[in-house]
Structures are given as structure tokens and as C-alpha cells.
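Residue strings, one per chain:
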Amino acid sequence: MIPLIEAQNGAGKNWENLRRLRWIQLRIMQAYAENNKKRNDQGLAADLAGHMLDGPSGWSMHSTRETVFPPVLYTAESKLAQILRKEDYEPDGVLSLSLTKHGSCTCTMSHKLSYFDMMVADAVYTLMFWNYSVIFPKNILQILSGDYEALLTKDNRGKILDSLARMGETTISIQCARGKYHGKFLSVVPHGKTGFCITESTPLYRYIEEAAEGQFFTIKKELLRITVREGATQFAQMPNSLENLMLRHFFARRVLLASRYQGKENQYSVNPKICFWGKNAQRKGMFDILDLPRLENPYWEKRKEQMFLQKLEQIISYYKEQEIIKSYVFCGKGPDGKEVELPNGKQADSIKLLCFLSWKNHKKTFCKSK
């Protein structure tokens with residue numbers, strides 16, 4: 001390994017690459033410690049030595065992905081990324097942002113991308129950061145579900161591949177004071193029957209790294225792998241359907257976002273209330289953002305909404321049991337039209353996540369570091 005004091009004498013990208021390598025190596029040590037608790041110290045030390053003594057040119061995460069599974073998901077959280085997640089833009093239209101810290105910024109997208117597309121982009125970026133040279137649809141499902149043993153169904157495989165194709169056909173152009181970031185949203189090249197390679201870094205994520213102070217969240221896999229109750233004493237892992245993955249991703253991000261901006265005495269600069277349906281196109285609700293369409297039949301629409309609310313309550317209950325949050329309350333309209341607290345989500349139109357854990361105590365866990 002090259003001593004850090006020598007690496008600091010390097011310049012530009014060389015130093016940045018070495019710093020990133022050291023960070024990856026540190027996370028590998030953590031991953032090995034977590035995944036090999038029952039192994040003897042001698043065998044673990046031998047494996048670590050084989051990986052930690054590699055230089056930058058010989059580094060390959062692909063060969064070790066069975067034992068070194070990224071324990072986190074990085075999500076893009078710049079103002080521009082949040083707008084793209086909400087689809088608050090028009091294809092080929094110019095999106096202008098005025099940013100307090102980073103000056104003005106303009107962005108053009110050739111196609112609209114969905115919330116799920118942005119989730120897949122987060123997973124691809126995470127795997128790239130961990131130096132995966134070849135990525136498979138199952139790797140993406142593993143990252144988004146927080147479960148290395150997740151089973152890739154035919155339906156999920158098709159949706160992931162469709163998402164990758166959509167992002168490969170989408171062009172993004174970002175202009176800011178730091179420069180221009182232009183290219184395909186994802187430069188996807190097929191590899192074998194089901195794998196693919198990313199030939200160049202994604203413009204949006206490169207912009208966030210270089211011009212937006214690395215505005216990412218680090219979501220630990222424990223926030224994505226949800227265990228639900230089945231009876232009084234039995235537990236089972238929540239299935240990895242598209243809707244479940246999106247709900248878990250959404251709430252993990254929202255918990256971290258509100259925790260990040262919690263002030264003194266439980267005062268928030270981010271509203272802890274989450275509305276399920278928006279009032280209009282400018283004020284979208286959670287189901288609008290997740291692209292969960294309304295059904296024409298009122299009966300089936302209500303049944304579908306109740307199903308999602310039940311899943312939502314399972315996720316939030318798990319967060320409370322794991323002390324990720326301390327409490328929550330469902331809200332809805334009372335007989336007089338005013339907002340009231342409800343005992344469950346059956347008639348609710350929003351939820352408040354209350355008493356978050358202190359961001360100060362979890363900054364290293366929730367904030368992406370390089």
C-alpha cells in the first residue's frame with residue numbers, strides 16, 4: 001500500500017482516486033468483520049491481507065463480491081436530484097436552480113425518469129463506488145433490498161433491465177459554475193447474457209461529487225431489509241416487490257432527511273409530515289412521487305390504497321422497534337374537516353414521524369464520506 005503521506009503529494013485525480021481506494025479498503029475491513037464474525041482470526045487475517053495489500057492497478061472488487069457485499073446504499077440528495085426524483089421537469093426543457101452554496105445551475109433531460117429509475121441509479125453508483133467491474137440485475141436487487149440472499153424474480157429482472165435501458169437512452173446536461181456535466185444518464189454496455197458494464201461515470205453523480213459537496217445519504221442495509229410480524233411470535237422478511245422496494249427506499253431517505261435537519265427540542269426545518277396524495281402537480285404526495293397510479297374503479301382503488309398503507313405501517317413499526325425512530329402518528333380529516341390523529345392508517349391521509357434519533361449521534365452512519 002502507498003503511504004498516505006506520499007499520496008498527499010500527488011495532485012488532482014490521482015490523489016482523489018487514492019483517497020477513494022483507502023476509503024473502500026476501510027469499508028472492506030468493516031464488511032469482512034460483519035460477515036465473518038464466526039471465522040477464526042487466522043483465516044480472517046489471511047483474507048484481509050490478500051485484499052488490503054493490492055495496489056490501485058490490481059484492485060478488483062468483482063472477484064470478491066460473494067464475501068464483500070456493500071453494507072450501504074448511497075442515494076443522491078442534492079436539490080437537483082430531489083427534483084428529478086419527483087419528476088418536476090419537462091423533457092428537453094431547461095430546469096434552472098438557484099442554490100445558496102453552489103450558485104446557479106441549469107439542467108436538461110431528454111426523457112423523464114421515474115422514482116424507481118433513480119433508485120436503480122443509486123444502486124449502480126454504489127456498486128461502482130465499491131469497484132464492481134461487472135454488474136448484474138441481482139446485484140441491484142441485493143443493494144436495494146439490503147439483502148445479499150434476495151431472490152431475483154422474473155418480474156423484478158424485467159423491471160430492472162427496462163430501467164437500465166431507459167437511463168441508457170436518456171441524455172442529461174448540467175451547467176454550473178464548476179463546469180458542464182454532459183452525457184448519457186447511464187452509459188450501459190452489455191456484458192455476457194445478463195451482466196453489464198458502466199463505461200463512464202454518471203454525469204449527475206459526478207456533478208454531486210465535484211460541484212455539490214458530495215450530497216449523498218448513506219443508508220445502512222438495516223433500513224432496507226424489513227422484518228414484519230406474522231402472528232404473535234413469528235417474523236418474516238418483507239417481500240421484494242417493486243412497490244415494497246420503493247416504499248422502503250422512500251421512508252429510509254425521509255427518515256434520514258428529517259433526522260439530518262432536526263434542531264433543538266425536536267424542532268425540524270424539514271416537515272416531518274408525509275402526505276400520501278398531493279393536492280396538485282406542484283405539491284405531490286408520496287404515492288404521486290412513487291408513480292403508484294390511481295385505478296378507475298373506486299372499490300379497487302380503495303383496496304389498493306389500504307394495502308399500501310398496511311405495508312407502510314409495517315415499515316414504520318419496524319423502524320420504531322429498531323429505535324430508528326421513537327414514535328409516529330397517522331393523521332386524517334375529522335368530522336369538522338380539521339386534521340386529527342388516528343389510531344391506525346385505515347382512514348389516514350398522512351403520517352408524522354416524531355422524535356427522531358439525534359443526527360449528531362449518527363452522522364457518520366447517515367452521511368456519505370470519502
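Residues numbered from 1 in each chain as written. Predicted model: local features only at pLDDT ≥ 70, side-chain atom pairs only at ≥ 80, totals over all residues. Heavy atoms only, no water.

**Concerning the packing of helix H4 (residues 79-86) against helix H5 (residues 115-129)**
Next up, step 1: H5 packs onto H4 with a crossing angle of 135° between their chain directions and a minimal axis gap of 7 Å. By the angle between their axes, H4 is oblique relative to H5. On the side of H4, the interface is formed by Ala-81, Leu-84 and Arg-85, while H5 contributes Tyr-115, Met-118, Met-119 and Asp-122.
Next up, step 2: Taken together, the residues of the contact of H4 with H5 sort by class into five nonpolar, no polar and two charged. (Axes fitted to C-alpha atoms, helices over the stretch in contact; angles between N-to-C directions. Helix = DSSP H or I, 4+ residues; strand = E, 2+ residues; numbered from the N terminus. Parallel < 35°, antiparallel > 145°, perpendicular 65-115°, else oblique. Contact = heavy atoms within 4.5 Å. Nonpolar A, V, L, I, M, F, W, Y, C, P; charged D, E, K, R; others polar.)

**Quick word on the packing of aromatic side chains**
Next up, step 1: With the rule as written, the count across this model stands at 13 aromatic pairs.
Next up, step 2: Taking the centre distance of 5.0 Å and the plane angle of 5° together, the rings of Tyr-125 and Phe-216 count as stacked. Remark: Phe-216 occurs in strand E8 (residues 216-220) and Tyr-125 occurs in helix H5; sequence separation between them is 91 residues. Side by side, Tyr-125 and Phe-216 carry an identical accessibility label, which is buried.
Next up, step 3: Ring centres 5.7 Å apart and planes at 75° place the aromatic pair Phe-250 and Phe-251 in the edge-to-face group.
Next up, step 4: Classification of Phe-250 as buried rests on a relative accessible area of 6%.
Next up, step 5: Residue class for Phe-251 comes out buried when judged on its relative accessible area of 0%.
Next up, step 6: Site record: aromatic cluster; members linked through ring pairs are Tyr-74, Tyr-125, Phe-129, Tyr-205 and Phe-216. (Phe/Tyr/Trp six-rings, centres within 6.5 Å; stacked < 30°, edge-to-face > 60°. Buried < 20%, exposed > 50% of the residue type's maximum accessible area, 1.4 Å probe, protein only.)

**Some details on the packing of H5 against helix H7 (residues 154-168)**
Next up, step 1: Running from amino to carboxyl end, H5 crosses H7 at an angle of 85°, the nearest separation of the two axes being 10 Å. Relative to H7, the element H5 is oriented roughly perpendicular. From H5, Phe-116, Asp-117, Val-120, Ala-121 and Val-124 reach across to H7, where they touch Lys-159, Ile-160, Ser-163, Leu-164, Arg-166 and Met-167.

**Remarks on the pattern of salt bridges**
Next up, step 1: Evaluation of the coordinates by the stated rule reveals five salt bridges.
Next up, step 2: A salt bridge links Arg-253 to Glu-77; its shortest N-O distance comes to 2.7 Å. On the criterion of sequence distance, the pair formed by Arg-253 in helix H9 (residues 242-260) and Glu-77 in the loop between strand E1 (72-76) and H4 is long-range, its members being 176 residues apart.
Next up, step 3: On the basis of relative accessibility, which here comes to 11%, the residue Arg-253 falls in the buried class. (Salt bridge = Lys/Arg side-chain N within 4 Å of Asp/Glu carboxyl O.)

**Description of H4**
Since one α-helical turn is 3.6 residues long, residues separated by three or four positions face the same way.
Next up, step 1: Within H4, the full set of buried residues consists of Leu-80, Ala-81, Ile-83, Leu-84 and Arg-85.
Next up, step 2: Following H4 by one or two positions, Glu-87 adopts a phi angle in the positive range, close to 60°.

**Describing the confidence of the model for the protein chain**
Next up, step 1: Chain-level pLDDT for the protein chain is 76 on average; 68% of the residues reach the 70-or-more range.
Next up, step 2: Here residues 263-269 is modelled with pLDDT under 50, and outside its nearest four sequence neighbours on either side it reaches eleven contacts, counting other chains as well.
Next up, step 3: Segment residues 358-370: pLDDT under 50, and 24 contacts once partners within four positions in sequence are set aside and those in other chains are kept. (pLDDT = per-residue confidence, 0-100.)

**Comments concerning unusual backbone geometry**
Next up, step 1: At Glu-213, a position not held by glycine, the phi torsion is positive, near 60°.
Next up, step 2: On the secondary structure map, Glu-213 appears in the loop between helix H8 (203-211) and E8.
Next up, step 3: With phi around 60°, Glu-323 is a residue other than glycine that occupies positive phi space.
Next up, step 4: The topology assignment puts Glu-323 in the loop between helix H11 (298-321) and strand E12 (325-333).

**Quick notes on the pairing of strand E6 (residues 188-191)**
Next up, step 1: Relative to strand E7 (residues 195-198), E6 runs antiparallel, the two sharing four bridges. Its bridge partner being in E7, Pro-190 is matched across the sheet by Phe-196.
Next up, step 2: The turn joining E6 and E7, which pair antiparallel and follow one another in sequence, is formed by three residues; a positive phi near 70° is taken by Gly-192. (Pairing = 2+ DSSP bridges.)

**Digging into the nonpolar core**
Next up, step 1: Of all hydrophobic cores here, the largest spans 92 residues; its most connected members are Ile-140, Leu-204, Tyr-207, Phe-251 and Tyr-319.
Next up, step 2: Take this core: its biggest share by element is eleven residues, from H5.
Next up, step 3: In this structure, Leu-204 is in contact with Leu-80, Leu-84, Met-118, Ile-172, Ile-174 and Phe-185, ignoring residues within four places of it in sequence. (Core = buried A, V, L, I, M, F, W, Y, C linked by side-chain atoms within 4.5 Å.)

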